[in-house]
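So the chains spell out like this:
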Amino acid sequence: MREAVRVQADSRVRLMRLPRRDAGGLRECAPALVHAPVVSNDRVTRDYWLLSLQAPAIAEGAEPGQFVMLTVAREGKWAPVLPRPMALYSWDRAGGAVQVLYRTVGGGTQAMTEFGPGEIMTTVGPLGRGFYLMPDTGSILLLGRGIGTCSLTALCSRAVERGISVHCVVSARNEESLIGGDFYRNAGAESVWEVTDTEGSSSVDSLRPRLDTLLQRESVRQIFVCGSNRLLVLSAQLADVHRASVQVSLEAHMACGLGYCHGCSTAYPGLAEEAPLVCKDGPVFAYAGAVT
Amino acid sequence: MSDVDMRVALGSLELANPVMPASGCFGPELAPLIDLRRLGALVTKTVFTDARSGNPAHRLAETSHGMLNSVGIPSRGIDFFLDRTLPTYRSAGVPVIVSLGGLTVSEYWDLAAALSDAEGISAFELNVSCPNLEAGGLEIGANPVHVERVVRGVVDRARVPVISKLTPNITSIADIARASEAGGAAALTVANTFVGMALDVRKRRPILGNVVGGLSGPAVKPAILRLVWSVTRATRLPVIGCGGICTASDVLEFLVVGASAVQVGTATFTRPDAMIQILDDLERLLQEHGARALSDLRGTLEADRSTAEAMPEIALAPSSMEG
């Protein structure tokens, strides 16, 4: 949640909204407010937890890349005051459960770990505009770092369902922080590279030639990124060379998640009008060229 | 049918119940989540004459039992408001209170004049917590003379009741309340957010892009209760309490210190159905207190007189507005 709204300013890339459904683009459905019982909430690695909520109204309409707002104040409490925006990691439309994979980084996510099975968590979703798979896409590349990978997992499942060949890079600081690789493999990804800072394999310099070869060989036309400014910049550069398009999912602190509070604007100083909102215009944006 | 009379009068504005959202903490985007028709009124985000961009990111910081925002009120301007925003508010079928902002005293007047013929506006709420560009950027709401001029000019141009929303960032809120009353306000909203800061001490940088922001949420409730209490002792105007209200029990506290109605802001972020839950609980709670009407509890604080007199700053000190 820390750096993401600065992607636009710091990364020297311009972002634009993806097309809406009425323009042949994304499917959108109205969000629902669900008093969702916790199905399970378990630690999966040292830093990561997997939360499953029974929320059929959300599972029904969810699309890859969309998110939910989770009230982390427990029943009868009103703090922490801000709900947490969380990408939908996976869901089961038939069974009505939705899953969120989260990392404990502060008070809010720490409070989330205390929810036990059966406890009610106020949940709003599905929210925002998700990823857009072009009708003629044959193979795609997913680039995720840290918890950012968990915004891309559902896209992998969807793409495999559609017969698209999916190549995944899972990046993290160290081996313990790698998350999502197993999900990708189980979902049927074509290839999964797990890279870390400790091994030196996650650096832009070591990824660039490998990805160059992959993009060339597999004719990748769509790249999807989440969780790293460096990976976004690298994707943008690779996309220019290989005539691919890039979509990035941003994270931001949010209050409403619906678009009325304007807390998650991507605004930087000097703008004449309101910048896109991460919650409503995103969280997925299309890369629209380098800033000149 | 309700057993407790929940109706509220704010001047000539009559509401079915006392619960409404705080400006900026509500939008028609909530319509799929809660039944807006149950609310006493809707309050719009503050509208300005021209489009504004708002402040740079970050605009939110969570604090202990509260939050800071430096959204900076981005606005699409009055034409967009009339064409697009107002009709969506109107469609809920409950009174619509339009929040007006201005960077000069006359901008409020011009807005009121431009909106006076618009259909479906039940009241104006003046957000006077804006920097006055004619007075070195000081808040208009901090100066009783400016507040009285803003309110009077809007009252002269408006066909609907005018509510003055006071800032808490002042020495004597009673002075500003009386200035609003002198200007012809029909009611007062108490209050806007407290100015505050949050830091990333490791980087020694402010978290908010605007450095400072407005503090809201349960953390401010005791301070706002005290301001409502002061204001109801300083003027005869009905008061809309606004600050940290999350539950029906909180609403009761505001009624007891003298508020006629309430606005709910941050709690709607925490739980989007907070206002609906308050309405579900409020009637039962009033019955438990033996009230047959909301007004039975209003201003029923059993204050120790000696305590009240020991706090002259809060009580009925003469106005110092003319120096």
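Residues numbered from 1 in each chain as written. Chains lettered and ligands numbered in written order. Predicted model: local features only at pLDDT ≥ 70, side-chain atom pairs only at ≥ 80, totals over all residues. Heavy atoms only, no water.

Side note on the overall build of chain B
Step number 1: Check the secondary structure of chain B and you find nine helices and 16 strands.
Step number 2: Its C-alpha radius of gyration of 19 Å places chain B within 12% of the 20 Å reference for a compact globule of 323 residues.
Step number 3: Projected onto its principal axes, the C-alpha positions of chain B cover 50 × 50 × 50 Å.
Step number 4: Expressed as a percentage of the 323 residues in chain B, the buried residues total 56%.
Step number 5: Here the analysis covers contacts within chain B between residues at least 6 apart in sequence; of these, 71% occur between residues at least 24 apart.
Step number 6: Of the roughly 13,300 Å² of accessible surface on chain B, a fraction of 50% belongs to carbon and sulfur atoms.
Step number 7: A gap of 5 Å separates the mean positions of the 28 positive and 34 negative side-chain charges of chain B. (Helix = DSSP H or I, 4+ residues; strand = E, 2+ residues; numbered from the N terminus. Rg over C-alpha atoms; globule rule 2.2 N^0.38 Å. Buried < 20%, exposed > 50% of the residue type's maximum accessible area, 1.4 Å probe, protein only. Contact = heavy atoms within 4.5 Å. Areas by Shrake-Rupley, 256 points an atom, 1.4 Å probe, with all protein chains shown as cover. Lys, Arg positive; Asp, Glu negative; His and termini not counted. Charge placed at Lys NZ, Arg CZ, Asp CG, Glu CD.)

Looking at the overall build of chain A
Step number 1: A tally of regular secondary structure across chain A gives seven helices and 14 strands.
Step number 2: For the C-alpha atoms alone, the extent of chain A along its principal axes is close to 55 × 45 × 35 Å.
Step number 3: With 292 residues in all, chain A has 60% of them scored as buried.
Step number 4: Split by element, the accessible area of chain A, about 11,600 Å² in all, is 48% carbon and sulfur.

Things to note about the interface of chain A and chain B
Step number 1: With 42 residues of chain A at the contact, the number on the chain B side is 35 residues.
Step number 2: Of the roughly 3,100 Å² buried between chain A and chain B, counting both surfaces, carbon and sulfur atoms make up 63%.
Step number 3: When the buried surface of chain A facing chain B is broken down by residue, Trp78, Val81 and Tyr260 of chain A rank first, second and third, together holding 29% of it.
Step number 4: Inspection of the region where chain A meets chain B yields three salt bridges.
Step number 5: A salt bridge links Glu274 of chain A to Arg59 of chain B, with the shortest nitrogen-to-oxygen separation between them at 2.8 Å.
Step number 6: Listing elements by their share of the side of chain A that touches chain B, those giving two or more residues are β2 (32-43) and β8 (120-127) of chain A.
Step number 7: Counting residues per element, the side of chain A that touches chain B draws most heavily on β2 of chain A, which supplies three residues.
Step number 8: Each residue belonging to the side of chain A that touches chain B can be placed in one class, and the counts come to 24 nonpolar, nine polar and nine charged. (Buried area = accessible area lost by both parts, 1.4 Å probe. Salt bridge = Lys/Arg side-chain N within 4 Å of Asp/Glu carboxyl O. Nonpolar A, V, L, I, M, F, W, Y, C, P; charged D, E, K, R; others polar.)

Some thoughts on the sheet that holds strand β9 (residues 162-166) of chain B
All names here are of chain B.
Step number 1: Taken in spatial order, the eight strands make up an open sheet running β3-β16-β15-β10-β9-β8-β7-β4, and their pairing is parallel. Of all the strands in the sheet, just β3 (19-21) and β4 (42-43) have a single pairing partner and so form its edges.
Step number 2: Sheet analysis places strand β7 (residues 96-100) next to strand β8 (residues 123-127), joined by four bridges and oriented parallel. Its bridge partner being in β8, Ser99 is matched across the sheet by Glu125.
Step number 3: In the packing of helix α2 (residues 105-115) onto the sheet, the strands contacted are β7 and β8, and the crossing angle to β7 comes to about 150 degrees.
Step number 4: Sitting on the sheet, helix α4 (residues 173-183) touches β9 and β10 (187-190), and the angle it makes with β9 is about 165 degrees. (Pairing = 2+ DSSP bridges. Axes fitted to C-alpha atoms, helices over the stretch in contact; angles between N-to-C directions.)

With respect to helix α8 (residues 274-288) of chain B
All names here are of chain B.
Step number 1: Across its 15 residues, α8 extends 21 Å between first and last C-alpha, which sits within 8% of the 21 Å expected from 1.5 Å per residue.
Step number 2: At Leu282, α8 shows its largest kink, close to 30 degrees.
Step number 3: Along α8, the residues classified as buried are Ala274, Met275, Ile276, Ile278, Leu279, Leu282, Leu285 and Leu286. (Expected span 1.5 Å × (residues − 1). Bend = angle between axes of the 7 residues up to and from the residue.)

Considering the pattern of salt bridges
Step number 1: Considering all chains together, one arrives at 25 salt bridges over all chains under this definition.
Step number 2: Among the salt bridges present, the one from Arg7 of chain B reaches Asp5 of chain B, with a minimum N-O distance of 3.0 Å.
Step number 3: Judged by relative accessible area, Arg7 of chain B falls into the exposed class, the value being 59%.
Step number 4: Residues participating in the shared-partner salt-bridge network are Arg46, Asp47 and Glu176 of chain A.

Regarding the packing of helix α5 (residues 221-234) of chain B against helix α6 (residues 248-256) of chain B
Residue and element names in this part refer to chain B.
Step number 1: It is the contact of α5 with α6, at a shortest axis distance of 9 Å, that shows an interaxial angle of 30 degrees. If you check the angle between α5 and α6, you find them roughly parallel. Contacts from Lys221, Ile224, Leu225 and Val228 in α5 reach Asp250, Glu253 and Phe254 in α6.
Step number 2: Grouping the constituent residues of the contact of α5 with α6 by class yields four nonpolar, no polar and three charged. (Parallel < 35°, antiparallel > 145°, perpendicular 65-115°, else oblique.)

A word on the pairing of β7 of chain B
Residues and elements named next belong to chain B.
Step number 1: Within β7, five of the five residues are buried, which leaves the element mostly enclosed by the surrounding structure.
Step number 2: Here β7 shows two buried faces, one formed by Val96, Val98 and Leu100 and the other by Ile97 and Ser99.
Step number 3: One crossover worth recording links β7 to the parallel β8 by way of α2, and it is right-handed. (Right-handed = clockwise from strand over helix to strand, strands pointing away.)

Digging into the packing of aromatic side chains
All names here are of chain A.
Step number 1: Tallied over the full model, the rule gives five aromatic pairs over all chains.
Step number 2: Relative to Phe183, the ring of Tyr89 lies with its centre 4.9 Å away and its plane at 55 degrees, an arrangement referred to as tilted. Of this pair, Tyr89 sits in the loop between β5 (84-87) and β6 (90-92) while Phe183 sits in helix α5 (residues 181-187), and the two are 94 residues apart along the sequence.
Step number 3: Judged by relative accessible area, Tyr89 falls into the buried class, the value being 8%. (Phe/Tyr/Trp six-rings, centres within 6.5 Å; stacked < 30°, edge-to-face > 60°.)

Quick word on a nonpolar patch on the surface
Step number 1: Side chains of Val195, Met197, Leu199, Val201, Val211 and Val212 of chain B sit close together on the surface and give an oily, nonpolar patch of about 540 Å² of accessible area.
Step number 2: Here Leu199 of chain B lies in strand β12 (residues 199-200). (Patch = residues over 30% accessible without salt bridge, like charges linked within 9 Å, V, L, I, M, F, W, Y side chains within 5 Å.)

Some remarks on the confidence of the model for chain B
Residue and element names in this part refer to chain B.
Step number 1: Residue-level pLDDT values for chain B average 92, and 93% of them are 70 or greater.
Step number 2: Note on residues 312-323: pLDDT under 50 across the span, and 19 contacts to partners over four residues away in sequence or across chains.
Step number 3: Among the prediction metrics, the complex's ipTM stands at 0.92, with pTM recorded as 0.93. (pLDDT = per-residue confidence, 0-100.)

A closer look at helix α7 (residues 229-242) of chain A
Residues and elements named next belong to chain A.
Step number 1: An ideal rise of 1.5 Å per residue puts 20 Å on 14 residues; α7 measures up with 20 Å between its terminal C-alpha atoms.
Step number 2: The residue sitting at the N-terminus of α7 and contributing the capping side-chain oxygen is Ser228; that oxygen lies 3.2 Å from the backbone nitrogen of Arg230.
Step number 3: Trailing α7 by a residue or two, Arg243 shows a phi angle of about 50 degrees, which is positive. (Polar contact = N/O pair within 3.5 Å; in protein donor to acceptor, adjacent residues only side chain to side chain.)

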